[in-house]
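# Residue-level structure breakdown
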Amino acid sequence: MSMVEITAQDFDVEIALAYATADNITGKPIYARAGCYLHAHAAEKMRAAVALAAPLGLRFKIFDAYRPSEAQWKLWEAFPSEEFVANPRKGSPHSRGVAVDLTLIDKSGKELDMGTGFDEMRPISHHARTDVSVAAQQNRFTLMGIMSAAGWDFYKNEWWHYQLFQARDYPLVDQATLPQPLM
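Residue indices follow the written sequence of each chain, beginning from 1 at its first position. In keeping with the predicted nature of the model, local features appear solely for residues at pLDDT of at least 70, side-chain atom pairs appear and are counted solely at 80 or more, and the whole-chain, interface and lining totals rest on all residues. Just so you know, side-chain values use all the structure's heavy atoms and leave hydrogens and water out.

The subject of this paragraph is the pattern of salt bridges. Any Lys or Arg side-chain nitrogen located within 4 Å of an Asp or Glu carboxyl oxygen qualifies as a salt bridge. Using the criterion set out here, one finds 8 salt bridges in the structure. Taking the shortest distance from any N to any O, the salt bridge between Glu82 and Lys90 comes out at 3.1 Å. Burial status follows relative accessibility: with a 1.4 Å probe on protein chains alone, a residue under 20% of its type maximum counts as buried, one over 50% as exposed, and anything between as partly exposed. Classification of Glu82 by relative accessible area gives partly exposed; the value is 44%. In this structure, Asp131 and Arg129 form a salt bridge, with 2.7 Å as the shortest nitrogen-oxygen distance. The structure contains a network of salt bridges with shared partners spanning Glu14, Lys61 and Glu111.

Here we come to the pairing of strand β5 (residues 99-105). Working definition: helices are DSSP H or I runs of at least four residues, strands are E runs of at least two. Numbering for both runs from the N terminus. The element β5 is extensively covered by neighbouring structure, given that 7 of its 7 residues are classed as buried. Burial along β5 is two-sided: the face carrying Ala99, Asp101, Thr103 and Ile105 and the face carrying Val100, Leu102 and Leu104 are both buried. In this sheet, β5 lies alongside strand β4 (residues 59-64) in antiparallel orientation, the contact comprising 5 bridges. Bridge pairing in β5 links Arg59 to Ile105. Paired strands, as defined in this entry, are two strands with at least two bridges between them according to DSSP. Across 3 bridges, β5 lies against strand β7 (residues 161-164) in antiparallel orientation. Among the inter-strand pairings, Ala99 is bridged to a residue of β7, identified as Gln163.

So this is what it looks like as structure tokens:
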């Protein structure tokens, strides 16, 4: 199975992997190395999303993509709620390389208002919330529209999470298959 490195240069995206920093729900870095990877099928769909966003003057900031199973366990230990964190016993779409967490940014690199930050593990982070500003609702729907048109499925509980359809049909990816492990 082919994993593709997603780089700022090759994909015209900003890479800001939250789990390579202490700014995440665990309060400490999970990844030793900030490498951003997707399964080849997901990478194709990411390229399509980038192409759809560009005429709108928008780009993507990626918070997470492929996530080793070991990292999924760390997230589960910090926040064991299937509303927001996939149970590592079942395997996450991230651990299959077919999910991406992202937001939209404008031409200056400023994040669009989505009503909450990334990984804000509260119901207000669910798609289609009407108790966020109208601008945030529009931005969430713009993100969903671009990603859906590019062939991604959304996860109803997290405005930032998109995955390939039938994500669980893909096998879990061992980080040893990467050029360098993340952890």
